[in-house]
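Structural overview for review
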Amino acid sequence: MTTCERALAPDVDAVIAVIPQPQRAIVVALRALVREAAPGLQESVKWGKPVYGRGTANLLSIIA
């Protein structure tokens, strides 16, 4: 991914902000759980969803 593409890619906060309630509250809670349980994972947006991984490996995604 180029620097320009990274600048245009949505961040996880922006993706979560458009999820309707009550699903948004669940996604926020799951995100907090993942960050607490596995703080070393990289957080990104892929396929329009929050994805957590290490290096090039995708380990989990939160799909509302």
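Note: the structure precedes this text.
Residues numbered from 1 in each chain as written. Predicted model: local features only at pLDDT ≥ 70, side-chain atom pairs only at ≥ 80, totals over all residues. Heavy atoms only, no water.

Among the secondary structure elements, arginine 31 is positioned in helix H3 (residues 23–37). Setting aside residues up to four positions removed in sequence, arginine 31 forms contacts with Val12, Asp13, Ile16, Glu43, Tyr52 and Ile62. (Helix = DSSP H or I, 4+ residues; strand = E, 2+ residues; numbered from the N terminus. Contact = heavy atoms within 4.5 Å.)

As a further point, take the nonpolar core. Formed by Val12, Val15, Ile16, Ile19, Val27, Val34, Leu41, Val45, Tyr52 and Ile62, the largest nonpolar core amounts to 10 residues. Mapped onto this core, the elements with two or more residues apiece are helix H2 (12–17) and H3. Ranked by the residues each element gives to this core, the list is headed by H2, at three residues. Not counting chain neighbours up to four residues away, the residues in contact with isoleucine 19 comprise Arg24, Val27 and Ala64. (Core = buried A, V, L, I, M, F, W, Y, C linked by side-chain atoms within 4.5 Å. Buried < 20%, exposed > 50% of the residue type's maximum accessible area, 1.4 Å probe, protein only.)

Moving on to the sheet that holds strand E1 (residues 42–46). Spatially, the three strands line up as an open sheet ordered E1-E2-E3, and their pairing is antiparallel. Looking at which strands have only one partner, the edges of the open sheet turn out to be E1 and strand E3 (57–61). Averaged over all pairs of adjacent strands, the angle between strand axes in this sheet comes to 40°, irrespective of strand direction. The sheet contact formed by E1 and strand E2 (residues 49–54) spans five bridges and is antiparallel. Bridge pairing in E2 links valine 45 to proline 50. (Pairing = 2+ DSSP bridges. Axes fitted to C-alpha atoms, helices over the stretch in contact; angles between N-to-C directions.)

For the rest of this paragraph, the subject is a nonpolar patch on the surface. Where nonpolar side chains cluster on the molecular surface, the patch consists of Ile26, Leu30 and Leu33 and spans about 280 Å² of accessible area. Examined against the element boundaries, leucine 33 turns out to sit in helix H3. For leucine 33, a relative accessible area of 52% corresponds to the exposed category. (Patch = residues over 30% accessible without salt bridge, like charges linked within 9 Å, V, L, I, M, F, W, Y side chains within 5 Å. Areas by Shrake-Rupley, 256 points an atom, 1.4 Å probe, with all protein chains shown as cover. Salt bridge = Lys/Arg side-chain N within 4 Å of Asp/Glu carboxyl O.)

Tallying each qualifying case throughout the model produces three salt bridges. Residue arginine 31 is joined to glutamate 43 by a salt bridge in which the shortest nitrogen-to-oxygen separation is 2.8 Å. One end of the pair, arginine 31, is in helix H3; the other, glutamate 43, is in strand E1, with 12 residues separating them in the sequence. Arginine 31 gets classed as buried once you look at its relative accessible area, which sits at 11%.

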